[in-house]
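For reference, the chains in residue letters:
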Amino acid sequence: MARRRPDAIAIVGLATRLTYGQLEGRTRHLARRLAAHTAPASLVAIYGKRDANTVVAMLACLRAGRAFAVLDSSYPAQRLTQLLSELAAPPLLLLDATAEDARIAETIARPGAAFRLRSTDLDSDGDDASAAPIDEARPEAIAYVLFTSGTTGVPKAVQAAHRPLVHFIDWYAARFNAGSGSRFSMLSGIAHDPVLRDVFVPLTVGAQLHIPEPRLLSDPSQLFTWLAESRISHIHGTPQIFGIIGAGRPENVTLRDARYLFSGGDSLRRARAVEMAEMTGGATVVNFYGTTETPQAMGFHVFDPADSQDPVPVGAGIADTQLLVLDEQGVVAPTGITGQVAVRTPYLSAGYLNSAEETRQRFRSNPQATDPDDRLYLTGDRGYFRADDTAVVV
């Protein structure tokens, strides 16, 4: 995109506007520094905030052939220390760190592991010719390590390769008309898997990524106004965040530029889906289904207001993906019978970091196939299939 349209806007944030050309330059310079100062194929922890620097850091890590893990700077220091320990104390990358950021980094990182830079240092025109090569990552290489939400226990570190993310983006862009004229918002939690939808779909298709100030996420009126004034066309969020947006909607005002609203991360109730459609004047509401272990989303359902199902179904699998419901014996359950939801696809994550046994328990080879790449992930969720082959998670 930087070669095709270098002057097109890529990222818009508080006091930030980066073109694709500027974004490419910053990520290239940072990637070269990372390649020169970290081990090949290693992991880099990003001390992240909801800003353009976190996006630059993600892209730079990938260009350098390093996996990234985002640590949300809003977390308490004790939790950040725990997460870094789970990651085996990798280098900690900070861009435009404040004095308080630097103090926390010294507290949570191992001595000498904090890597501090100013974003303006990445705008120079020259390149270090002696630096290690970049842009050579392979599809099977680990791209990132992110933590599960921890809602069912201690957060687990999940590692995923480039291939599943690229597969999802290709499918998404074609299915939901994402292109250079689209505008995406970055509302997802920056340390969790859904944020990769917010970031990498728009930057792959040449769209704009708009990043709100963190304070807007807890102010319904200002969040609604920001979405309207930013003319966001594709919005990803949880049912809870869409509830906040709806609560800030002025009477008789709609998000008229919104074309798609994607819900994920929790059960979507029919009343909330109807509210989502009404706040936009009729945008398409899509219910996504997936886990950190099944990157991005592996199931989707386009909401039909005429369907009385509550909760809204999770639908069917995306391309090259099948949702299954298994009984206690691991056999596909008949229509209407509740069982465990499993995801069958070659695009699963690579499993849990430093936890081979739990990976073996949850990621299985398909017992009815001979291809070792034919794999299932056992989600632990309960669900059933309707007669129209639409899956419902209960």
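Let me sum up the structure you'll find in this document. (Residues numbered from 1 in each chain as written. Predicted model: local features only at pLDDT ≥ 70, side-chain atom pairs only at ≥ 80, totals over all residues. Heavy atoms only, no water.)

1. Focus on the overall build of the protein
Part 1 of the reasoning: Of the regular secondary structure elements, the protein holds 10 helices and 20 strands.
Part 2 of the reasoning: A compact globule built from 394 residues should have a C-alpha radius of gyration of about 21 Å, and the protein, at 21 Å, falls within 12% of that.
Part 3 of the reasoning: Taken as a whole, the protein presents about 17400 Å² of accessible surface, with 48% of it coming from carbon and sulfur.
Part 4 of the reasoning: Averaging the locations of the 38 positively and 43 negatively charged side chains of the protein gives two centres separated by 3 Å. (Helix = DSSP H or I, 4+ residues; strand = E, 2+ residues; numbered from the N terminus. Rg over C-alpha atoms; globule rule 2.2 N^0.38 Å. Areas by Shrake-Rupley, 256 points an atom, 1.4 Å probe, with all protein chains shown as cover. Lys, Arg positive; Asp, Glu negative; His and termini not counted. Charge placed at Lys NZ, Arg CZ, Asp CG, Glu CD.)

2. So, the nonpolar core
Part 1 of the reasoning: Ranked by size, the top nonpolar core spans 78 residues in total, and within it Ile 11, Phe 68, Tyr 172, Phe 200 and Phe 288 carry the most contacts.
Part 2 of the reasoning: It is helix H2 (residues 52-63) that provides the largest number of residues to this core, a total of nine residues.
Part 3 of the reasoning: Not counting the four nearest positions on each side in its chain, Phe 200 is found in contact with Met 58, Leu 59, Leu 62, Phe 68, Leu 165 and Ile 169. (Core = buried A, V, L, I, M, F, W, Y, C linked by side-chain atoms within 4.5 Å. Buried < 20%, exposed > 50% of the residue type's maximum accessible area, 1.4 Å probe, protein only. Contact = heavy atoms within 4.5 Å.)

3. Digging into the pattern of salt bridges
Part 1 of the reasoning: Evaluation of the coordinates by the stated rule reveals 18 salt bridges.
Part 2 of the reasoning: One network of salt bridges, with partners in common, ties together Glu 24, Arg 28, Arg 63 and Asp 135. (Salt bridge = Lys/Arg side-chain N within 4 Å of Asp/Glu carboxyl O.)

4. What to know about the side chain of Arg 63
Part 1 of the reasoning: Structurally, the position occupied by Arg 63 is in helix H2.
Part 2 of the reasoning: Apart from the residues lying within four places of it in its own chain, the contact partners of Arg 63 are Glu 24, Thr 27, Arg 28, Ala 31, Ile 134, Asp 135 and Glu 136.

5. Things to note about the packing of helix H5 (residues 162-175) against helix H6 (residues 195-205)
Part 1 of the reasoning: It is at 10 Å that the axes of H5 and H6 come closest, and there the two elements cross at 65°. Considered as vectors, H5 and H6 are oriented roughly perpendicular to each other. Here the hand of the crossing between H5 and H6 comes out right-handed. Here Leu 165, Phe 168, Ile 169, Tyr 172 and Ala 173 of H5 come into contact with H6, specifically with Leu 196, Arg 197, Phe 200, Val 201, Thr 204 and Val 205. (Axes fitted to C-alpha atoms, helices over the stretch in contact; angles between N-to-C directions. Parallel < 35°, antiparallel > 145°, perpendicular 65-115°, else oblique. Left-handed = near helix turned anticlockwise from the far one by under 90°.)

6. Section: the environment of Leu 80
Part 1 of the reasoning: Position of Leu 80 relative to the elements: it lies in helix H3 (residues 77-86).
Part 2 of the reasoning: Given a relative accessible area of 0%, Leu 80 falls into the buried group.
Part 3 of the reasoning: In this structure the C-alpha to C-alpha distance between Leu 80 and Leu 227, which are 147 residues apart in sequence, comes to 31 Å.
Part 4 of the reasoning: Once residues within four sequence positions are removed from consideration, Leu 80 is found in contact with Tyr 47, Leu 71, Asp 72, Tyr 75, Ile 104 and Ile 108.

7. Description of helix H8 (residues 239-247)
Part 1 of the reasoning: Listed in full, the buried residues belonging to H8 are Pro 239, Ile 241, Phe 242, Gly 243, Ile 245 and Gly 246.
Part 2 of the reasoning: The secondary structure elements touched by the buried residues of H8 are helix H7 (220-230), strand S11 (234-237), strand S12 (260-263) and helix H9 (270-280).

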